[in-house]
Amino acid sequence: MAQQVNISELSLPQLEVLKSQLDQEVEFLSSSIAQLKVVQTKYVEAKDCLTVLNKSNEGKELLVPLSSSMYVPGKLSDVGQVLIDVGTGYYVEKSVEDARDFFRRKIDFLTKQMEKIQPALQEKHAMKQAVVETMSQKIQQLTAVGASQTAAAKA
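Remember, predicted model here, so these are calculated numbers, not experimental data. (Residues numbered from 1 in each chain as written. Predicted model: local features only at pLDDT ≥ 70, side-chain atom pairs only at ≥ 80, totals over all residues. Heavy atoms only, no water.)

## Here's the deal with the pairing of strand β3 (residues 81-87)
Reasoning step 1: Summarising the sheet, β3 and strand β4 (residues 90-95) pair through six bridges and their orientation is antiparallel. Looking at β4, one finds that Asp-85 is bridged to Tyr-91.
Reasoning step 2: If you look at the hairpin formed by β3 and β4, you'll find two residues sitting between the two strands, and Thr-88 has a positive phi there, around 45°. (Pairing = 2+ DSSP bridges. Helix = DSSP H or I, 4+ residues; strand = E, 2+ residues; numbered from the N terminus.)

## Thoughts on the confidence of the model for the protein
Reasoning step 1: Looking at the protein, pLDDT values average 90 and 95% of them are 70 or higher.
Reasoning step 2: The spread of mean pLDDT over the elements of the protein runs between helix α2 (residues 96-154), the lowest at 90, and β4, the highest at 96. (pLDDT = per-residue confidence, 0-100.)

## Regarding the nonpolar core
Reasoning step 1: Counting residues in hydrophobic clusters, the biggest one holds 20 residues, and the most contacted among them are Tyr-43, Leu-50, Leu-53, Val-82, Ile-84, Ala-99 and Phe-103.
Reasoning step 2: Mapped onto this core, the elements with two or more residues apiece are α1 (12-49), β3 and α2.
Reasoning step 3: If one sorts the elements of this core by residue count, α2 sits on top with nine residues.
Reasoning step 4: Within the second largest apolar cluster, five residues are counted, among which are Leu-10, Leu-15, Val-131 and Met-135. (Core = buried A, V, L, I, M, F, W, Y, C linked by side-chain atoms within 4.5 Å. Buried < 20%, exposed > 50% of the residue type's maximum accessible area, 1.4 Å probe, protein only.)

## Overview of unusual backbone geometry
For residues besides glycine, phi is generally negative; the peptide bonds are generally trans as well.
Reasoning step 1: In this structure, Thr-88 takes a positive phi of about 45° despite not being glycine.
Reasoning step 2: In this structure, Thr-88 sits in the loop between β3 and β4.

## Here we look at the pattern of salt bridges
Pairs can form between side chains of opposite charge whenever their charged atoms are close.
Reasoning step 1: For the coordinates displayed, the defined rule picks out eight salt bridges.
Reasoning step 2: Of the charged contacts, one joins Lys-128 and Asp-23 as a salt bridge, the two residues approaching to 2.9 Å between their closest N and O atoms. Residue Lys-128 is located in helix α2, and its partner Asp-23 is located in helix α1; the two are separated by 105 residues in the primary sequence.
Reasoning step 3: Between Asp-101 and Arg-105 there is a salt bridge, with the nearest N and O atoms lying 2.6 Å from each other. Taken as a pair, Asp-101 and Arg-105 lie in helix α2 at a separation of four residues, close to a single helical turn. (Salt bridge = Lys/Arg side-chain N within 4 Å of Asp/Glu carboxyl O.)

## Considering the packing of aromatic side chains
Reasoning step 1: Tallied over the entire structure, the rule returns three aromatic pairs.
Reasoning step 2: Consider the rings of Tyr-43 and Phe-103, whose centres lie 5.9 Å apart with planes at 45°: the pair is tilted. Note that Tyr-43 is positioned in helix α1 and Phe-103 in helix α2, a separation of 60 residues in sequence.
Reasoning step 3: For Tyr-43, a relative accessible area of 18% translates into the label buried. (Phe/Tyr/Trp six-rings, centres within 6.5 Å; stacked < 30°, edge-to-face > 60°.)

Put into structure tokens, the structure is as follows:
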């Protein structure tokens with residue numbers, strides 16, 4: 001269990017360390033959400049691509065990508081089945097409806113994961129803001145004390 005500490009009782013160097021830790025946690029959580037969004041976008045695009053697989057497109061010519069910049073001509077012969085990359089080099093053959101359901105479940109799962117991370121990210125942002133405000137107050141106090149000591153020494 002994490003021990004709670006009043007940040008106003010921490011010294012300036014301790015606040016700097018805490019701010020640095022919070023910066024790292026915010027960066028990690030932000031990066032995690034960004035990566036989940038990238039994967040989610042790929043699943044949404046894959047699900048959207050299934051709309052072209054219908055009987056009216058069967059037999060039509062198309063370009064099949066061999067790489068991101070190289071294609072070969074092909075013909076759409078089976079509009080009822082697709083191969084889905086399920087990760088780590090494994091592919092599963094599914095009907096178009098099963099594939100659509102698979103992508104919907106993946107999109108929903110990723111959405112839920114992002115929704116779980118978002119509150120933690122907001123909490124870390126709020127904590128970081130509180131630390132920055134406390135640091136600012138401490139610096140102002142130290143500046144005021146230093147100015148009054150300088151004025152007293154001149155008098």
